[in-house]
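Observations on the three-dimensional arrangement
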Amino acid sequence: MKKIKQLDRFLLERFPLIWHTKIVYVLFFSVITSLFFYIWGVTYTTNYLINNFSVSRFIEHSNAMLFLVILWLIGIIVWSLSFFRKSAIRHFYPLQRFYLTRLFGLFVIIFWSFSWPLFSFQWGVNHKVRELAPQEELKAMISTINLSQVLLGMESPSYRSYLNMAHPEVQIISYDKNSESWSNSIKIIDSSMMETGGKLSSPFLTDYHPGENLRYTDTVNRQLIQFVTYKNIVEGNPCNRHNYDYVTGWKKYADLVPYKPFDLRLCKNQLIQPNKLDKQPISIFNSYYFSFYGYRHSYRYYDYSEVHPSREFNREVVDLFNSENTYDKGKQVLDRYARFLSKHEVRHSLNTDSIWSYVLNHADRFIVKNPVSGSSEDPDFISSIQNNYNGITEYEKFRASQDQNYYHTPMYFVANTEVSELYENAAEVYAYSYSWPLIMSSLFGAVALAFIFLLLSIGNIIHMLIAVPIGGALVILNVFFFFFAVYRRTEYGVDINFRVFSQMLVFAFILYSLFFIFYRSKKVGKAVLNITMYLCFVAAPIIPFVAAIFFDLLLTEKATRCYETYRIHTSLFYVICDPLWILLIGTGFIVLFTAFIKPILSKPE
Amino acid sequence: MNLFTTKLNQTREHLIHGDIDLGFRCLVDCVLDTQNTNHYRAVIDLVEWHEAHENDNEAYTEKLLQLTDSLTNETVLFNEIPTLLAVDTLVKEYPRSKFSIGPISLDLKAGEIWGLVGENGNGKTSLLRTLAQDLSYDSGTIQYTNELQKLNSYELKTHLAYIPQRTPKWHGSLKSNLKFAASQYGTFGEENELIVLMYIIRFGLWKFRHHRWSELSSGYKMRFELARTFLRKPKLLLLDEPLANLDVLAQQLILEDLKNMGKSLSNPLGIILSSQQLFEVEKVADKVIFLKQGKPVYSDHSGQADVNENTTPETILELDAQITKEVLLQILSVHQPTKASYNGGVFLLHFSAEQHMNDIMQTLINHQVQMTYIRDISKSTRRLFIQH
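Keep in mind that this is a model prediction, so the values were computed, not measured.

**Regarding the overall build of chain B**
- If you tally the helices and strands in chain B, you get 15 helices and 13 strands.
- Taking 388 residues into account, the globule formula puts the C-alpha radius of gyration at 21 Å, and chain B, at 23 Å, falls close to it.
- If one aligns the C-alpha atoms of chain B with their principal axes, the spans along those axes are about 70 × 55 × 45 Å.
- Taking all 388 residues of chain B together, 41% fall into the buried category.
- Of the contacts made within chain B by residues no fewer than 6 positions apart, 71% connect residues no fewer than 24 positions apart.

**Some points on the interface of chain B and chain A**
- Contacts between the two partners involve 25 residues from chain B, matched on the other side by 22 residues from chain A.
- When contributions to the side of chain B that touches chain A are tallied by element, the ones reaching two or more residues are helix H7 (153-159), helix H8 (174-184) and helix H9 (189-202) of chain B.
- It is H8 of chain B that contributes the most residues to the side of chain B that touches chain A, six residues altogether.
- For the side of chain B that touches chain A, the per-class residue count stands at seven nonpolar, 13 polar and five charged.

**A word on the sheet that holds strand S1 (residues 85-94) of chain B**
Residues and elements named next belong to chain B.
- Across the sheet, three strands lie side by side as S2-S1-S4; this open sheet has antiparallel pairing. The sheet is open, and its two borders are formed by strand S2 (99-108) and strand S4 (139-144), each paired with just one other strand. Across the sheet, the mean angle separating the axes of adjacent strands is 20° when strand polarity is ignored.
- In this sheet, S2 lies alongside S1 in antiparallel orientation, the contact comprising seven bridges. Across the sheet, the residue bridging to Glu93 is Ser100, located in S2.
- Sheet contacts for helix H5 (residues 124-131): S1, S2 and S4; angle to S1, the most-contacted strand, approximately 125°.

**A look at the sheet that holds strand S5 (residues 160-163) of chain B**
All names here are of chain B.
- An order of S5-S6-S7-S3-S8-S9 is seen for the six strands of this open sheet, with the pairing classed as mixed. Only two strands of the sheet have a single partner each, and these edge strands are S5 and strand S9 (295-300). Between one strand axis and the next, the sheet turns by 15° as a mean value, whatever way the strands run.
- When strand S3 (residues 113-118) meets strand S8 (residues 287-292), the two strands line up parallel, connected through five bridges. Residue pairing for S8: Gly118 is matched across the bridge by Leu291.

**Quick look at the packing of helix H9 (residues 116-132) of chain A against helix H20 (residues 416-430) of chain A**
All names here are of chain A.
- Packing of H9 against H20 leaves a shortest axis separation of 10 Å and a crossing angle of 120°. The angle between H9 and H20 places the two elements in the oblique class. As H9 packs across H20, the resulting crossing turns out to be left-handed. Residue-level inspection shows Asn126, Val129 and Arg130 of H9 in contact with H20, the latter providing Asn425, Ala426 and Val429.

**Description of unusual backbone geometry**
- Although it is not a glycine, Gln35 of chain B adopts a positive phi angle of roughly 55°.
- In this structure, Gln35 of chain B sits in the loop between helix H2 (20-34) and helix H3 (37-52).

**Here we look at the nonpolar core**
- By size, the foremost hydrophobic cluster in this structure holds 89 residues, and its most contacted members are Tyr199, Ala227, Leu231 and Leu238 of chain B.
- Not counting residues up to four positions away in its chain, the partners in contact with Tyr199 of chain B are Leu178, Ala227, Phe230 and Leu231 of chain B.

**Looking at H9 of chain B**
- Taking 1.5 Å of rise per residue, 14 residues should cover 20 Å, and H9 of chain B covers 20 Å from first to last C-alpha, within 8% of that figure.
- Judged by how many residues are buried, H9 of chain B sits mostly within the fold: 10 of 14 residues are covered.
- Every buried residue of H9 of chain B is accounted for by Asn192, Glu193, Ile195, Val196, Leu197, Met198, Tyr199, Ile200, Ile201 and Arg202 of chain B.
- Buried-residue contacts for H9 of chain B involve helix H1 (2-14) of chain A together with H2, H3, H8 and helix H10 (218-231) of chain B.
- In the segment just after H9 of chain B, Gly204 of chain B is the residue with positive phi, at about 65°.

**Some words on the environment of Lys3 of chain A**
- Relative to the elements of secondary structure, Lys3 of chain A occurs in helix H1.
- Linking Lys3 of chain A and Ala595 of chain A, residues 592 residues apart in sequence, is a C-alpha distance of 37 Å.

**Notes on the confidence of the model for chain A**
Residue and element names in this part refer to chain A.
- In this model, chain A carries an average pLDDT of 80, and 82% of its residues clear a pLDDT of 70 or more.
- Mean pLDDT values over the elements of chain A span from 36, in helix H14 (residues 298-301), up to 94, in helix H3 (residues 23-44).
- With pLDDT under 50 throughout, residues 190-202 is counted as low confidence; its partners more than four residues away or in other chains account for 22 contacts.
- This stretch, residues 295-307, has a pLDDT under 50; its non-local contacts, to residues over four places away or in other chains, come to five contacts.

**Some points on the packing of helix H8 (residues 99-113) of chain A against helix H27 (residues 579-601) of chain A**
Residues and elements named next belong to chain A.
- In contact at an axis separation of 8 Å, H8 and H27 are set at 140° when each is read in the N-to-C sense. Taken together, H8 and H27 sit at an angle that is classed as oblique. For the pair H8 and H27, the sense of crossing is right-handed. Residue-level contacts link Leu100, Thr101 and Phe104 of H8 to Ile590, Val591, Thr594 and Ile597 of H27.
- Looking at side-chain class alone, the contact of H8 with H27 contains five nonpolar, two polar and no charged residues.

**So, the environment of Ala132 of chain B**
Residues and elements named next belong to chain B.
- Within the secondary structure, Ala132 sits in the loop between H5 and S4.
- C-beta crowding within 10 Å serves as the criterion here: with 21 such atoms nearby, Ala132 is assigned to the buried category.
- Residues Ala132 and Ile163, 31 residues apart in the sequence, show an inter-C-alpha distance of 9.7 Å.
- Setting aside residues no more than four positions away along its own chain, Ala132 makes contact with Leu160, Tyr162 and Leu238.

**Notes on H10 of chain B**
- With 14 residues, H10 of chain B ought to run about 20 Å at 1.5 Å a step, and its terminal C-alpha atoms sit 20 Å apart, in line with that.
- Those residues of H10 of chain B that are buried lie in contact with S5, H8, H9, strand S6 (236-240) and helix H11 (248-262) of chain B.

Calculation criteria
- Residues numbered from 1 in each chain as written.
- Chains lettered and ligands numbered in written order.
- Predicted model: local features only at pLDDT ≥ 70, side-chain atom pairs only at ≥ 80, totals over all residues.
- Helix = DSSP H or I, 4+ residues; strand = E, 2+ residues; numbered from the N terminus.
- Rg over C-alpha atoms; globule rule 2.2 N^0.38 Å.
- Buried ≥ 20, exposed ≤ 12 C-beta atoms within 10 Å, placed from the backbone.
- Contact = placed C-beta atoms within 7 Å.
- Nonpolar A, V, L, I, M, F, W, Y, C, P; charged D, E, K, R; others polar.
- Pairing = 2+ DSSP bridges.
- Axes fitted to C-alpha atoms, helices over the stretch in contact; angles between N-to-C directions.
- Parallel < 35°, antiparallel > 145°, perpendicular 65-115°, else oblique.
- Left-handed = near helix turned anticlockwise from the far one by under 90°.
- Core = buried A, V, L, I, M, F, W, Y, C linked by C-beta atoms within 7 Å.
- Expected span 1.5 Å × (residues − 1).
- pLDDT = per-residue confidence, 0-100.

Structure, rendered in structure tokens:
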């Protein structure tokens, strides 16, 4: 207590503004709160949550966000009472240089510090995720997890998906017995090419009719199929393009599927990509760059997260099946997988011995019904199945005998979504460096609040309340003019955007001119001057952007491509689209405006 | 002998003659004039000592004298400022109510006190606020000393301290508020503590330094405002009814303090104060402005009214006695009263200028009239209140 009193006296005697704003205590409070939220983040995070929810949403799930909002409200109210009870600017005229600018700066720091718990909670969560799911362990398990998907026969393998992946140039056209029609997915085909080995010899294009080419038909799984290879061509000029698919040949099923039917399961995708955890933490600059410049060059930074088949992975599976001790190797993989699932509390029900034996013994089946579900199933229901049937063989026999249209839950399951979520979260945590959007958002919030509190510090609350409807009326007037501009645009032939922004600039000019005139005039009351000042102050951080857009429109070049007009913006446009510049410019103009405040405050009524 | 030595001698005399409180206040003024923090510390130590030894007056006086002697070698220069505020035919109009103040002219020098009196609603507060640059004016000029004239409006306002009749509530302890004000005006570190304690001592707030606003009486709230204002080192102090809600003793003390501190050698300042306490104000004011319907009547310390007062000199007495008006006039008939009125509280008696108060009192004594109050208001602005 004595130390606090000493500190208080030191600040009061040497740094009155810091003492007045209580920033030291606010920062201390923020640090303590952040620590509390860090601990909250650590204790809240469990295996169950990691497996089921995105780590970035934990703050909402834990109600920490709600608690933080309540804490913010209480903190702001208590701080406001403390600050406004001793407002120097209301009681006398503080002599310190840049008093209002420094006050604004301190407000920004104070309000920004209120957002620190958001970050610390996430750090707590990340810390716990690192502890529960070590990166090395997860990396080492990727191969096991993916192999296990195959060995457990999870999800039905399909030659169609295999062909989609292995032979993307092949189009599958199947014959539906019920409707007695072909699924003709190739719309345009040059029929004249049929006899010429699929070479395009004429621009005359017609629809391809599989029924007219029955000699190329194959039978797969008691269904008539044609495997057609095709190619895409583009014709015309850049402004008038036409895409055509044309048949280049036909394939036989045996040519396309090199392995025995059982090996179709090798076409399975990997549940977890091998490089899933290889993302490196990105620097704050890159984080910012990706977040906000990404939209301008999205094709460069787009993160392709879709899963691609891996030939290496499939080779690994083939090797396992072709080895002499397939059973032992597979059993080891599955046991390791089961232990991993148990450790990380992923919901599952597995009898690796029984399943693996069954899968191996039924390798001759072309399309097996998946004996293990990849979804999260009701454990009680699964138990009842396991109790009612004498092993997987009996149950699968029962499943095979049932109507295909009804789904019967497999006897075992692994919640694959939980495994995926675990890896997603781990990837996010291990690549986590800074959340630039969160930093920017919190800074925006802090500047906005600081701006409001600066207004309240200098302002007469009655005048401010009057300024609100007047400001609203000005906005409505602007909107009115805007619609007028839209209505008359065809007459004037002026770019509508140009009209709107030039109109806003004219309004701003009038507002600032009035402000200057009112300040110089002896006849204008202080209330009118104050209200004008508040309006100008609020407009101050907006005007540079309006001006920038106006000048961008003025200097921008128009270009036409394929009969469509588009704009080549100036660099100014990209600067004001950038949140960092928006923040800096907006804040800069607020600070600049503070220079006008003292003369207004001291002007006689 | 310079002014500082004179002040020291006066202080010594007060102490030797047993006027300890007065002597102590004069001593604090002298110490403040030196602007020497060592002397500040000595005073503060002495006050702390006195607090612990309240009954040891002899030793206390001895220590005060020693402290006074220690100031003898200090050199305090007094640069007299010719005119602090020069107002020329200032007019402030309120077109809606068709009321106007002025034309007012005044020439306030540093160290001077001007009183501003008048009935309610005659423009005293408006005039003070106009001089404090709180309100604009319609015609005339307000010129400040060169030092102030070159400042911008905001900086100028830091030197024009206007204390309203109802001072705003403050929060926290009295001392912390004073320290805050001092640091806002560039007094930092140890000097901040010392100067604040000095003004706390000077305005008799020592016992209340840790008190809060709600724990202070009106008089001490006013003292706090004055202390806070003096910490701002103002050049012009404008006080609106500072004596309202104060008891007679407190009124006298505050006026004495203002008079002495206004004549500070290190930071002389001009003071204009409005009040209804005419006689108390007249005692300390160098000049008095009486505002009637916004129009000024000036009166100097001798009671000499300005040329605008178109009345013949006369002796005017205010009398409170247990007697009827008829009997009173009969008794005083020898003095030929020109006018007599009774407002329910006191008699107002007008005589020719040749009649003196002593003679009239003697007549009343001779007739064994029980007087509870009598005052000669011939030279007081009080007379202006009753002239219609």
